[in-house]
Amino acid sequence: MAVYKRTYQGYSGAATPAWSRFLILPRYSLGRLFPSKFLVLFLMACFFYPAGCAVFIYLSHHLSFLRVFNIQAANFLEINANFFYIYCTVQATMASLLTALVGPGLVSPDVANHALALYFCRPFSRFEYAAGKMSVLIGLLSLVTWIPGLILFLIQASLAGRSWMAANWWIAQAIVVGSLIWIVVLSLIALAMSAWVKWRIAAGALILGVIFAGAGFGRALNAVLRIRGGTMLDLEQDSFTLWSALFRLPGAGRDLDPLEAANAIAAACLVCLWLLFKKIRPFEVVK
Amino acid sequence: MSPVIELDGLSVRFGNRTVLNDLRGSVSGRAVGLLGPNGAGKSTLIRTLLGFCQPWAGTARVYGRDIGGARREIRALAGYMPEDESFIADMSAVSFVRMMGELSGLPRDAALERAHEVLFYVGLGEARYRPLGTYSLGMRQLAKLAQAIVHGPKLVILDEPTNGLDPPARQRMIRLIREMKDAGQMHLLLCSHLLRDVEETCDEVLILKDGRIVHCANLEEERRANKRFVEIETSGDDAGFAQALAARGCQCSASGAGRLKMVLPAGFDTRDIFRLAAERDLQLRRLSYRRDSLEDIFLKAMETAT
């Protein structure tokens with residue numbers, strides 16, 4: 001219909017497959033996020049540590065280059081599971097901060113502007129909405145956690161040879177699985193907080209509070225009640241415990257049993273899902 | 001004509017409160033008005049048809065599709081303009097309408113093309129790149145209408161479309177709704193508490209009160225029936241005039257002071273009234289169609305319900 005013909009015309013063309021429609025949301029959400037210069041700068045900052053790790057791996061395999069600068073190769077950290085565990089913990093903190101920046105802008109504008117009814121009056125379910133919004137975080141957080149981690153692993157494998165890769169392939173597995181667990185936890189917390197708190201800054205602060213304040217609360221609980229289970233409230237510690245087990249580190253399970261940590265993470269995810277689906281509705285019913 | 005919406009004992013409860021109570025009936029008009037006082041259950045009925053509320057008992061069908069089993073299909077066929085201010089403030093109108101089109105199943109390019117078209121159609125063509133947060137209330141209403149029709153739905157549900165609009169903006173909205181109805185490509189369900197809006201746009205009306213249907217009327221038929229009901233005021237002796245009219249099949253009743261009320265038979269030419277008056281040298285001071293306005297129908301329905 002040409003614009004000068006201002007009469008209503010129906011649509012008779014083809015429709016897109018229903019399963020693919022949740023991918024529409026990340027496209028528009030990312031389009032609304034990236035005009036923020038601060039976010040772009042922060043995202044760039046997230047790659048500094050992986051870039052430093054890549055340089056480190058390269059140098060550790062070029063001893064002749066090190067000798068020019070009179071540096072002893074023995075002083076260099078060995079590239080092993082511990083190296084990648086440290087990488088994961090650093091990037092997990094960056095991912096938490098990135099979540100606090102991105103997360104509040106995902107659901108809260110739709111809730112604040114009563115726009116949820118417009119999504120759900122279409123052939124588009126609450127599950128698809130949550131999946132679409134979550135995929136924004138999954139994509140961005142993957143970009144700063146397991147994707148560079150896997151690249152580092154491949155750099156190390158290419159420099160150390162096939163034998164190293166054959167002996168350490170499980171490290172790659174640990175990087176991906178450990179990072180994905182953390183990404184899912186962060187995404188669910190961010191979406192749940194973003195759905196319940198309409199003010200973006202408050203939602204961001206709450207996301208960080210849930211992630212980091214759990215440590216202090218858990219320790220206080222341990223001290224007052226003289227228990228050990230308070231540590232389970234520290235989601236970061238729970239994840240680190242799981243990663244220690246995934247990276248087969250000797251200290252794994254010292255503070256917290258990996259199974260307990262997994263249970264705590266699963267419980268946190270379930271609570272977030274409940275909070276999310278309680279709030280993501282086309283309208284609120286006042287009973 | 002096959003029914004657009006069929007209600008089959010539909011009841012909806014929120015907690016212990018029954019909001020819709022055993023609604024039965026069907027509507028098939030091109031534009032159906034949903035009327036009722038505040039809290040009558042109009043918006044709940046719309047939300048139930050769209051699958052936002054679960055029926056407590058009974059069911060409803062939209063184009064023959066059950067709201068329980070074919071929710072997704074019904075939503076694909078419908079476009080909804082909610083009563084609340086629903087928009088995404090930091091998005092431009094064209095992005096917003098395009099996204100809504102894509103979510104309804106339009107491919108990316110088609111959604112963009114249609115977003116531009118519907119924004120021009122509703123009169124937001126020049127402002128389509130502005131963020132919705134900067135729009136006036138009237139413009140936001142038009143943007144909501146644009147997102148409701150972007151995917152070419154068969155049924156457009158408009159919940160209080162003229163809420164908060166100034167008279168020119170209201171006129172524009174009413175004109176658009178009438179145009180959409182006349183285009184004949186969609187059915188309209190217009191929910192409003194403003195009788196004039198419904199009267200100007202709809203040809204069928206469903207009146208709700210306290211969650212029950214208290215009246216269902218075809219306005220077109222009522223209008224046609226009303227055209228046969230005439231009131232005349234004359235000066236002079238009208239006895240012979242009344243007899244002459246009765247001889248031509250009119251049912252007349254004199255109400256004194258030269259006033260005559262009559263029901264015209266089918267095929268009766270109104271000009272005959274003037275001819276008969278002229279033959280008797282009788283002065284006609286007033287002739288009016290005594291039509292029941294929607295307000296009369298509404299008030300009668302409210303009285304009957306109480």
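Reading the values: rules and limits
- Residues numbered from 1 in each chain as written.
- Chains lettered and ligands numbered in written order.
- Predicted model: local features only at pLDDT ≥ 70, side-chain atom pairs only at ≥ 80, totals over all residues.
- Heavy atoms only, no water.
- Helix = DSSP H or I, 4+ residues; strand = E, 2+ residues; numbered from the N terminus.
- Contact = heavy atoms within 4.5 Å.
- Areas by Shrake-Rupley, 256 points an atom, 1.4 Å probe, with all protein chains shown as cover.
- Buried < 20%, exposed > 50% of the residue type's maximum accessible area, 1.4 Å probe, protein only.
- Buried area = accessible area lost by both parts, 1.4 Å probe.
- Salt bridge = Lys/Arg side-chain N within 4 Å of Asp/Glu carboxyl O.
- Polar contact = N/O pair within 3.5 Å; in protein donor to acceptor, adjacent residues only side chain to side chain.
- Axes fitted to C-alpha atoms, helices over the stretch in contact; angles between N-to-C directions.
- Parallel < 35°, antiparallel > 145°, perpendicular 65-115°, else oblique.
- Left-handed = near helix turned anticlockwise from the far one by under 90°.
- Nonpolar A, V, L, I, M, F, W, Y, C, P; charged D, E, K, R; others polar.
- pLDDT = per-residue confidence, 0-100.
- 1 Å grid on protein atoms, 1.4 Å probe; cavity = no way out; pocket = protein on both sides within 12 Å on 5 of 7 lines; lining within 4 Å.
- Points joined across faces, edges and corners; volume = space filled by probe spheres on them.
- Pairing = 2+ DSSP bridges.
- Phe/Tyr/Trp six-rings, centres within 6.5 Å; stacked < 30°, edge-to-face > 60°.

### Section: the overall build of chain A
Counting its secondary structure elements, chain A contains 13 helices and 0 strands. Its helices and strands in sequence order give chain A the pattern α-α-α-α-α-α-α-α-α-α-α-α-α, from N to C terminus. If you take every contact in chain A between residues at least 6 apart in sequence, the share linking residues at least 24 apart comes to 75%. For chain A, the accessible surface area stands at approximately 14,000 Å², while carbon and sulfur atoms represent 68% of it.

### Remarks on unusual backbone geometry
Residues and elements named next belong to chain B. Its identity is not glycine, yet Tyr63 carries a phi of approximately 50 degrees, on the positive side. A relative accessible area of 16% places Tyr63 in the buried class. In the Ramachandran plot, Glu160 falls in the positive-phi region, its phi being about 50 degrees despite a non-glycine side chain. As for its placement among the helices and strands, Glu160 is situated in the loop between β7 (155-159) and α6 (167-183). A residue is classified by how much of its surface remains accessible, and Glu160, at 5% relative accessible area, is buried.

### What to know about the interface of chain B and chain A
Taken residue by residue, the interface counts 46 residues in chain B and 38 residues in chain A. When the buried surface of chain B facing chain A is broken down by residue, Phe52, Arg72 and Leu103 of chain B rank first, second and third, together holding 17% of it. Counting the contacts that link chain B with chain A gives 4 salt bridges. We note a salt bridge from Asp90 of chain B to Arg200 of chain A, for which the minimum N-O separation is 3.8 Å. Remark: the boundary between chain B and chain A carries 15 residue pairs in polar contact (both at pLDDT 80 or more).

### Things to note about the packing of helix α5 (residues 81-102) of chain A against helix α12 (residues 235-246) of chain A
The relative placement of two packed helices comes down to the angle between their axes together with the axis-to-axis distance. All names here are of chain A. Packing of α5 against α12 leaves a shortest axis separation of 11 Å and a crossing angle of 155 degrees. Relative to α12, α5 is oriented roughly antiparallel. By crossing handedness, the relation of α5 to α12 is classed as right-handed. Taken together, the residues of α12 that come into contact with α5 (itself represented by Tyr85, Cys88, Thr89, Ala92 and Thr93) are Glu236, Phe240, Trp243 and Ser244. Looking at the contact of α5 with α12 residue by residue, the class counts come to 5 nonpolar, 3 polar and 1 charged.

### As for the confidence of the model for chain B
This prediction gives chain B a mean pLDDT of 88; 96% of its residues lie at or above 70. When pLDDT is averaged over each element of chain B, helix α3 (residues 93-103) of chain B comes out on top at 96 and helix α8 (residues 219-226) of chain B at the bottom at 70.

### Digging into empty space enclosed by the protein
Residues and elements named next belong to chain B. According to the stated counting rule, one finds 5 cavities of 30 Å³ or more in the structure shown. Space inside the largest cavity adds up to approximately 50 Å³. In terms of lining residues, the largest cavity is bounded by Ile5, Leu7, Val27, Val32, Leu34, Leu45, Leu49, Leu189 and Leu206. Among the residues making up the lining of the largest cavity, the classes are represented as 9 nonpolar, no polar and no charged.

### Notes on the sheet that holds strand β4 (residues 57-62) of chain B
Residue and element names in this part refer to chain B. Across the sheet, which stays open at both edges, the 4 strands sit in the order β2-β1-β4-β5 with antiparallel pairing between neighbours. Strands with a single pairing partner mark the edges of an open sheet, and in this sheet they are β2 (17-27) and β5 (65-66). Both strand β1 (residues 5-14) and β2 contribute to a ladder of 8 bridges, which runs antiparallel. Paired with Phe14 across the bridge in β2 is Arg17. Against the sheet, helix α1 (residues 42-49) engages β1, β2 and β4, with an angle of about 110 degrees to β1.

### Quick word on the packing of aromatic side chains
The relation between two aromatic rings is expressed through the spacing of the ring centres and the mutual angle of the planes. Residues and elements named next belong to chain A. Counted under the stated rule, the structure contains 11 aromatic pairs over all chains. Pairing Tyr49 with Tyr87 gives two aromatic rings, centres 6.3 Å apart and planes at 15 degrees, and the pair type is stacked. Remark: Tyr87 occurs in helix α5 and Tyr49 occurs in helix α3 (residues 48-60); sequence separation between them is 38 residues. Tyr49 gets classed as partly exposed once you look at its relative accessible area, which sits at 30%. On the numbers, 5.6 Å between centres and 75 degrees between planes, the contact of Phe120 with Tyr129 is edge-to-face. For the residue pair Phe120 and Tyr129, the accessibility class agrees, reading buried in each case.

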